[in-house]
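# Per-entry structural report
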Amino acid sequence: MDDHCRAARSALRIAERDVANYATGTSPVSSMGLGLEYVDFREYQPFDDARHIDWRATARSPGPDGGYRPIVKVYRAERKTRVALAVDLSASMLYQSKPKTLVYALAVIAAVADTLEDTFTLVLSTGRGFEVYGKVKPRDLPHIIASRICASTAPGKATLGEIAARLLALPRAPVLLVTDYAHSLEDFERSSKTLAASRGAAYLLVYDWWEVHPPPDALATLVDPETGSRVHGRLREVYAGIARHVALARSRLTSGGSAFMDTCWQKAREDRARLSLLYLKARSLKPPR
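Remember, predicted model here, so these are calculated numbers, not experimental data.

About the criteria used
Residues numbered from 1 in each chain as written. Predicted model: local features only at pLDDT ≥ 70, side-chain atom pairs only at ≥ 80, totals over all residues. Heavy atoms only, no water. Helix = DSSP H or I, 4+ residues; strand = E, 2+ residues; numbered from the N terminus. Buried < 20%, exposed > 50% of the residue type's maximum accessible area, 1.4 Å probe, protein only. Contact = heavy atoms within 4.5 Å. Areas by Shrake-Rupley, 256 points an atom, 1.4 Å probe, with all protein chains shown as cover. Pairing = 2+ DSSP bridges. Axes fitted to C-alpha atoms, helices over the stretch in contact; angles between N-to-C directions. Polar contact = N/O pair within 3.5 Å; in protein donor to acceptor, adjacent residues only side chain to side chain. Arc of directions from axis to C-beta. Disulfide = S-S within 2.5 Å.

The next thing to look at is the overall build of the protein. Within the protein, the regular secondary structure consists of eleven helices and eleven strands. Here the protein holds 289 residues, and 48% of them are scored as buried. For the protein, contacts bridging at least 24 residues in sequence account for 76% of all contacts bridging at least 6. When the accessible surface of the protein is summed, it comes to about 13900 Å², and 52% of that surface belongs to carbon and sulfur atoms.

Summarising burial for strand E7 (residues 175–179): five of the five residues are buried, a large majority. Where strand E4 (residues 82–88) meets E7, four bridges bridge the pair, whose relative direction is parallel. Within E7, the position partnered with Val 87 by the bridge is Val 178.

Looking now at unusual backbone geometry. In this model, Gln 96 sits at a positive phi of 50°, which is unusual for a non-glycine residue. Within the fold, Gln 96 resides in the loop between E4 and helix H4 (98–115). Classification of Gln 96 by relative accessible area gives exposed; the value is 52%.

Counting through the fold element by element, Pro 99 comes out in helix H4. For Pro 99, a relative accessible area of 1% puts it in the buried group. Separated by 46 residues in sequence, Pro 99 and Ile 145 have C-alpha atoms that sit 9.1 Å apart. Once you skip the residues sitting within four places of it in the chain, Pro 99 turns out to touch His 4, Met 93, Leu 94 and Ile 149.

Reading across the sheet, the six strands line up as E6-E5-E4-E7-E8-E11 and stay open at both edges, with mixed pairing between neighbours. If you trace the sheet from one side to the other, it starts and ends with strand E6 (130–136) and strand E11 (259–263), each paired once. For this sheet, the mean angle separating the axes of adjacent strands, direction not counted, is 15°. In this structure, strand E8 (residues 201–206) lies alongside E11, joined through five bridges in parallel fashion. From the neighbouring strand, Leu 205 faces E11, where its bridge partner is Asp 262. Along the sheet, helix H7 (residues 185–198) makes contact with E7 and E8, crossing E8 at roughly 150°. Where helix H11 (residues 272–283) meets the sheet, its contacts fall on E4, strand E5 (119–125), E7, E8 and E11, and the angle it forms with E11 comes to roughly 155°.

Turning our eyes to something else, we now look at the side chain of Asp 262. Relative to the helices and strands, Asp 262 resides in strand E11. A polar contact is formed between the side chain of Asp 262 and the side chain of Tyr 181, at a distance of 2.6 Å. Among the polar contacts made by the side chain of Asp 262, one reaches the side chain of Arg 250 at a distance of 2.6 Å. For Asp 262, the residues in contact, after removing those within four places along its chain, are Tyr 181, Leu 205, Tyr 207, Arg 250, Lys 267, Asp 271 and Arg 274.

All of the buried residues in helix H6 (residues 160–168) are Leu 160, Ile 163, Ala 164 and Leu 167. Buried residues of H6, seen end-on, are gathered within an arc of 100° and therefore sit on one face of the element. Where the residues of H6 are buried, they touch E4, E5, E6, E7, H7 and E8.

Another aspect to go through is the environment of Gln 96. In sequence terms Gln 96 and Ala 7 are 89 residues apart; their C-alpha atoms lie 9.3 Å from each other. Setting aside residues no more than four positions away along its own chain, Gln 96 makes contact with His 4 and Asp 208.

Okay, the state of the cysteines next. As enumerated under the stated definition, the model contains one disulfide in all. Across a sulfur-sulfur distance of 2.0 Å, Cys 5 and Cys 150 are joined as a disulfide pair. With the S-S bond torsion at 85°, the cross-link from Cys 5 to Cys 150 turns out right-handed. In this pair, Cys 5 is assigned in helix H1 (residues 2–18) and Cys 150 in helix H5 (residues 141–151), connecting sequence segments 145 residues apart.

If you want it as C-alpha cells, here you go:
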C-alpha cells in the first residue's frame, strides 16, 4: 500500500501544478448546451458536441480561405450546485497506476467545481462498506482521496448496484460515479438504468494502460485482485476478451442513459478538457419529472 500512497501523493503534486491556472484559462463556466444562460458563439473544438453547432452562424462565418468553420453556441453553467460524487476505492481501483489517475482526474474536476462554487456529497466505497462526507469543498476533494488511498488496508470488492443503492439513499442530486471496468455487464446496465431513472448519472472509468493494451503475445496468467480468480491463456486471446468486455460495458452505459468517459495515467493530462466537460455534463443532469 506504500507504493499506492506514494503514487497518489505524487499525482496530487503534479495535478496541483497543472490545474493552478487551468480553471480560469479554460473558462469552465462556459459549455455548450449544459447551462441555461446563452453567452456567445465560438469556433467548434474537437471535443465539442456536434449537436450544438449553429448552422446559421456557421454560414455567416467563412474563414480566410473561403471555407466554413463550424460555430457552436456557448452557454453559462449555473453556479453553486451540490453534486453526489461516488468514488470506488475497492481492490481493483488500487491496481498499478489507477490511484495516480484517480487522484489526478479528481483534482481536475475539483478545479472546475471550485470555479463554479459547487460542493460535493462524497460517497467512498472501500469494498467493505461506505463512508459518506456530507459537504466537501472541491479543493479538499483530491486530498481526501489521496489520504484514503494511503490509509486503505485489505480493500474488498464493491458492486455498482451497491454503490447505486447508497446514492439513492441521499437527497436527490446529479451523480458522478468514478470506478473502473472490473464489474459485470449486468452491473453496468442495472446501475446506469437505476440512476438514470431517478436522477441521472455520469461515469468516469479509470483503467491501467496494460489492462487494455496487450504486450507482445505470450502465455500468461492474469489474477483478479478482488476475487483471486485466474485466467490463463495466450495474451492475444485474453486481451480480445477484455476488449469485448470494455466495448460491451460502454454499450450498456449508453443504453442505460448515462454519460461516460474513460482515462488512464498516460492520457490523463491531455484529457483535462474531456474531464471538465464530463463534470459539466454530470452537474447539469436534472431528475426526471
